[in-house]
Amino acid sequence: MSTDQFQAPDYFHLDDLLTEEHKLVRDAARDWVKRSVSPIIEEACQKAEFPTQIIGGLAEIGAFGPYIPEQYGGAGLDQISYGLIMQELERGDSGVRSTASVQSSLVMYPIYKYGSEEQRQKYLPKLATGEMVGCFGLTEPDFGSNPSGMVTNIKDMGDHYLLNGAKLWISNSPFADIAVVWAKNEEGRIKGIIVERGMEGFTTPETHGKWSLRASATGELVFDNVKVPKENLLPGKDGLGAPLGCLDSARYGIAWGTIGAAMDCYDTALRYAKQRKQFGKPIAGFQLQQKKLAEMITEITKAQFLTWRLGVLRNEDRATSAQISMCKRNNVDMALKIARDARQILGGMGITGEYPIMRHMMNLESVVTYEGTHDIHLLITGLDITGENAFV
Ligand code: TGC
Ligand code: FAD
């Protein structure tokens, strides 16, 4: 096992714009990733297993519900602290950040935002400590980019709802205790409902054979006449805007997270290029390798400032969904390109698990697809600037 020598690049002194609290939160997460993620992540990926032993640590650093108020067990932090935690987690591995994203933005957030007080009290404190893990069911086999077509449905049976349908590609599903599921009622209106493991007719088969996000467990949610108590319906908001509102929060976290993956690839490639000699000198001395490294740090720096600004806007409640889309799309693309170039700098060593680059590169192929694909986010920007809807 190689030692984690990560040193975070900060070419334009972004740290000067962070508060002491931001830096404390970020450094605690960075330290935890070095101690608890880096030593085990390669083996977890090779085995395609989610390392369940990190759940307690994720909770301790505030990664479960960073911005959920403390009265519900959250860390009560601002949006920039939330982003910095995601950056550090994805520096370790996108799958680790995924687990925290789903728990925070796709499970705790809808329960906090759209749930009843009873639901908040019942679920949020346990989700914050990791005693309970959740997942989010929006995507279906025939409805991915277009979730409004979903066929999963609930029927009002008087004293309970009857839930039928299936969800695909669900992060955390194989071991989640609860699922926040989006389903249509008899009027075709999309509703959020909390389904608990153990309910009769509810199963969560795991999806195997992934070449990406191997340290994150992915699976299905299958509902065969599941009787769900009426009190499990989220009363606060319905329609597609309800799940999309959760996605705004998760996509924002991904925007920060992918900076972490890009930083790790750049830092690894820079160190390697300075040490590796060919033709009698370090490969860092060749112009072609300098071009790659110089472009990497330029793109990371641009992404850092775009994303920090988005965090400021979110703290002021002024960020739009379209701004979040632009940032998610830009940063994942930036990280993927950096991962591919960084891998080349390492030559043959770049394909081994001795270095984190290939793992990041493969992970980012999921990140560029989930939470809205690269092309869907481009169309969201296109709609925002032209007023013309290319989806219909
Ligand atoms: P459209 O007619 O545009 O909108 C329907 C209603 O939703 C509102 N809305 C939003 N609200 C909050 N946040 C947003 N980002 C919103 N975008 C739209 C909109 O105002 C409208 O409200 P109302 O009141 O008028 O009804 O809907 P559409 O059917 O045309 O679809 C638009 C489109 C394509 C952009 C949307 O469907 C989309 O974003 N598709 C991508 C699907 C997606 O991102 N799926 C992600 C699944 S979860 C996941 O991947 C988790 S991975 C987690 C991990 O492991 O980290
Ligand atoms: P499709 O929608 O079939 O898209 C296929 C291609 O067509 C894409 O390139 C897309 O950009 C393009 N396309 C589609 N529509 C248009 C259009 N109008 N114009 C131009 N191009 C278009 N979902 C959840 O609900 N919960 C989760 O926890 C979750 N976790 C995931 C974890 C992993 C590892 C992965 C891979 C996915 C996860 N997803 C989850 C699902 C993810 O959100 C979807 O895969 C994603 O939204 C795309 O849907 P799709 O795969 O069905 O692709």
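Being a predicted model, the structure only gives us computed values, none of them experimental.

As a further point, take the layout of surface pockets. Taken as a whole, the largest pocket encloses approximately 1100 Å³ of empty space. Around the largest pocket sit 38 residues that line it, and Thr139, Thr369, Tyr370, Glu371 and Gly372 are the ones nearest its centre. Elements that contribute at least two residues to the lining of the largest pocket include exactly α4 (94-114), β3 (160-171), α6 (241-275), α8 (321-345) and α10 (374-386). Class assignment of the residues belonging to the lining of the largest pocket gives a composition of 16 nonpolar, 17 polar and 5 charged. Considering only enclosed or pocket space, the second largest pocket measures out at about 550 Å³ in volume. Lining the second largest pocket are 25 residues, and of these Ser2, Thr3, Glu354, Tyr355 and Pro356 sit closest to its centre. At the level of secondary structure, the elements contributing two or more residues to the lining of the second largest pocket comprise α1 (20-47), α3 (79-92) and α6. Partitioning the lining of the second largest pocket into residue classes produces 8 nonpolar, 8 polar and 9 charged.

As a further point, take the site of ligand 1. The environment of ligand 1 is formed by 26 residues, the closest being Ser98, Ser171, Asp248, Arg251 and Glu371. Within the contact set of ligand 1, an oxygen atom lies 3.3 Å away from a side-chain nitrogen or oxygen of Tyr370. Burial of ligand 1 by the surrounding chains reaches 69%, relative to a free accessible area of 1100 Å². In a pocket analysis with a 2 Å cut-off to the grid points, ligand 1 is assigned to the largest pocket. Where the shell around ligand 1 is concerned, the elements lending two or more residues are α4 and α6. It is α6 that contributes the most residues to the shell around ligand 1, 6 residues altogether. When grouped by side-chain class, the residues that make up the shell around ligand 1 number 11 nonpolar, 11 polar and 4 charged.

Evaluated as defined, the whole model comprises 13 aromatic pairs. Judged by centre distance (6.3 Å) and plane angle (75°), the ring pair of Phe12 and Phe305 falls under edge-to-face. One end of the pair, Phe12, is in the segment before α1; the other, Phe305, is in helix α7 (residues 287-315), and 293 residues separate them in sequence. For Phe12, a relative accessible area of 55% gives the class exposed.

Domain annotation of the protein identifies domain 1 (14-133), domain 2 (135-232) and domain 3 (241-386). Measuring from the centre of the C-alpha atoms in domain 1 to the corresponding centre in domain 2 gives 23 Å. Across the boundary between the two partners, domain 1 contributes 27 residues, which contact 19 residues of domain 2. Interface of domain 1 and domain 2: buried area, both sides summed, is about 1800 Å²; carbon and sulfur atoms make up 64% of it. Our count for the domain 1 to domain 2 interface comes out at 1 salt bridge. For Lys122, the salt bridge is made with Glu196, and the minimal N-O distance between the two is 3.1 Å. Applying the counting criterion to the domain 1 and domain 2 interface returns 9 residue pairs in polar contact (both at pLDDT 80 or more). Sorting the residues of the side of domain 1 that touches domain 2 by element identifies α1, α4 and α5 (117-129) as the ones contributing at least two each.

With that out of the way, let us pick up the site of ligand 2. Taken together, 17 residues sit near ligand 2, with Phe136, Thr139, Ser145, Trp169 and Thr373 positioned nearest. The backbone of Trp169 places a nitrogen or oxygen atom 2.7 Å from a nitrogen atom of ligand 2. Thr373 places a side-chain nitrogen or oxygen 2.7 Å from an oxygen atom of ligand 2. Summarising the interface, the protein chains cover 67% of the accessible area of ligand 2, which totals 980 Å² for the free molecule. Among the detected pockets, ligand 2 sits in the largest pocket. At the level of secondary structure, the elements contributing two or more residues to the shell around ligand 2 comprise β3 and α10. Class assignment for the residues of the shell around ligand 2 results in 8 nonpolar, 7 polar and 2 charged. Two domains share the shell around ligand 2, each providing at least three of its residues, namely domain 2 (135-232) and domain 3 (241-386).

Okay, the pattern of salt bridges next. With the rule as written, the count across this model stands at 23 salt bridges. Its salt-bridge partner being Glu140, residue Lys167 comes within 2.9 Å of it at the nearest N-O pair. Separated by 27 residues along the polypeptide, Lys167 in strand β3 and Glu140 in the loop between β1 (134-137) and β2 (153-156) bring together distant segments of the chain. Per residue, the accessibility class of Lys167 equals that of Glu140, and both read buried. In this structure, a network of salt bridges that share partners links the residues Asp4, Arg91 and Asp264.

Let us now look at the pairing of β1. Alternating positions in β1 separate into two faces, Gly134 and Phe136 on one and Cys135 and Gly137 on the other, with burial throughout. Where β1 and strand β4 (residues 178-184) come together, 4 bridges link them in parallel fashion. When the sheet's bridge partners are listed, Cys135 is paired in β4 with Ala179.

Thresholds applied
Residues numbered from 1 in each chain as written. Chains lettered and ligands numbered in written order. Predicted model: local features only at pLDDT ≥ 70, side-chain atom pairs only at ≥ 80, totals over all residues. Heavy atoms only, no water. 1 Å grid on protein atoms, 1.4 Å probe; cavity = no way out; pocket = protein on both sides within 12 Å on 5 of 7 lines; lining within 4 Å. Points joined across faces, edges and corners; volume = space filled by probe spheres on them. Helix = DSSP H or I, 4+ residues; strand = E, 2+ residues; numbered from the N terminus. Nonpolar A, V, L, I, M, F, W, Y, C, P; charged D, E, K, R; others polar. Near = heavy atom within 4 Å. Polar contact = N/O pair within 3.5 Å; in protein donor to acceptor, adjacent residues only side chain to side chain. Areas by Shrake-Rupley, 256 points an atom, 1.4 Å probe, with all protein chains shown as cover. Sits in = over half its atoms within 2 Å of the grid points. Phe/Tyr/Trp six-rings, centres within 6.5 Å; stacked < 30°, edge-to-face > 60°. Buried < 20%, exposed > 50% of the residue type's maximum accessible area, 1.4 Å probe, protein only. Domains from an automatic or database assignment. Contact = heavy atoms within 4.5 Å. Buried area = accessible area lost by both parts, 1.4 Å probe. Salt bridge = Lys/Arg side-chain N within 4 Å of Asp/Glu carboxyl O. Pairing = 2+ DSSP bridges.

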